[in-house]
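Chain and residue survey
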Amino acid sequence: MAYTRGNLAVQPKRKEEADRLYREKTKVVTRRMVLPLKEKLLYMLTLGVFVLVAATLIWRYVHIYDLNLQAQKLDSNIAKTKKQIATYQMEKQGLEQTVAKRASDMGYKTPDEGSTIHVPLSNTATDGGN
């Protein structure tokens, strides 16, 4: 005898089995619903807007990156030019200091402070070199 929830008095009902020549089968068929054309167009339009906004943002970021790169190049060029100017100024100071010494070595004299130097005009100076 079968135990049904601890009670021997209750017996489970048996299913009646009939002689069947065939066996029934159930098959579940799922059909995909096709979206309506308006809904498809709405989805495509929404996707297009998102792609357009993303492309615009990416293009702006690329433009900003390019501007930053150009600014960095200009800054490095300015720094190089400043170093070059400082080098040239040092050379200029060195040359200015040696001018008096070289002139005295070549036989030139420094003029007295009270004397004035008169340079006559020549024809070549007024003609402009022609």
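It should be noted that the structure appears before, not after, this text.
Here goes a summary of the coordinates provided. Just so we're clear, the structure is a prediction, and the values are computed from it rather than from any experiment.

1. Some remarks on the overall build of the protein
- From N to C terminus, the protein includes two helices and zero strands.
- For the protein, the proportion of its 130 residues judged to be buried stands at 0%.
- Of the roughly 14,500 Å² of accessible surface on the protein, 59% is carried by carbon and sulfur atoms.

2. Some thoughts on a nonpolar patch on the surface
- Side chains of Leu45, Val49, Val53, Leu57, Tyr61 and Ile64 sit close together on the surface and give an oily, nonpolar patch of about 610 Å² of accessible area.
- If you trace the backbone, Leu45 turns up in helix 1 (residues 37-106).
- Note on Leu45: relative accessible area 58%, which makes it exposed.

3. Some thoughts on helix 1
- Helix length check: helix 1 (70 residues) gives 100 Å between terminal C-alpha atoms against 104 Å at 1.5 Å per residue, within 8%.
- Largest kink in helix 1: about 30°, centred on Val99.

What counts and what doesn't
Residues numbered from 1 in each chain as written. Predicted model: local features only at pLDDT ≥ 70, side-chain atom pairs only at ≥ 80, totals over all residues. Heavy atoms only, no water. Helix = DSSP H or I, 4+ residues; strand = E, 2+ residues; numbered from the N terminus. Buried < 20%, exposed > 50% of the residue type's maximum accessible area, 1.4 Å probe, protein only. Areas by Shrake-Rupley, 256 points an atom, 1.4 Å probe, with all protein chains shown as cover. Patch = residues over 30% accessible without salt bridge, like charges linked within 9 Å, V, L, I, M, F, W, Y side chains within 5 Å. Salt bridge = Lys/Arg side-chain N within 4 Å of Asp/Glu carboxyl O. Expected span 1.5 Å × (residues − 1). Bend = angle between axes of the 7 residues up to and from the residue.

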